[in-house]
Amino acid sequence: TPNTEDLGEIKPTVELLQNTPNPFDEATVIGIVVNHQLPKGKAHISVHDLQGKEIARLPVQLKLGVNEVVYDYQYHNYVPGTYAYSLVVGGKIWATRRMLYAY
């Protein structure tokens, strides 16, 4: 019989999760999963409007496993709409996702 041993999947170094809840009204949680050691450098979540204007910069200490950052509606002056958030490590954007603020 052929060898059907499961070799497993190779996980990415870091995964930026979809914020929850989404859409959100008061606050939302942005999760980051670190599967392997990241390169040295400061990390933050950059939240920006769809024109690219940065609205908030949330520092994050990345450790192996699940990391969470709380994002609060007050950062963008209560304006409903679609926003993007990016994980930035050492000045490099690793991933970007969208979130919806609706009150």
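Provided above is the structure to which this section pertains.
Basis of the calculations
- Residues numbered from 1 in each chain as written.
- Predicted model: local features only at pLDDT ≥ 70, side-chain atom pairs only at ≥ 80, totals over all residues.
- Heavy atoms only, no water.
- Pairing = 2+ DSSP bridges.
- Helix = DSSP H or I, 4+ residues; strand = E, 2+ residues; numbered from the N terminus.
- Axes fitted to C-alpha atoms, helices over the stretch in contact; angles between N-to-C directions.

K.L.:
Whenever I open this one, the sheet that holds strand S2 (residues 27–34) confuses me. Can you help?
P.N.:
Each strand in a sheet pairs with another by means of backbone hydrogen bonds, the pair being arranged parallel or else antiparallel. Strand order in the open sheet made by the three strands is S1-S2-S5, with antiparallel pairing throughout. Among the strands making up the open sheet, the edge pair consists of strand S1 (14–16) and strand S5 (65–72). Neighbour-to-neighbour, the strand axes of this sheet turn through a mean angle of 20 degrees, independent of strand direction. Bridging between S2 and S5 involves eight bridges; their strand directions are antiparallel. Following the sheet pairing, Ile30 is matched in S5 by Val69.

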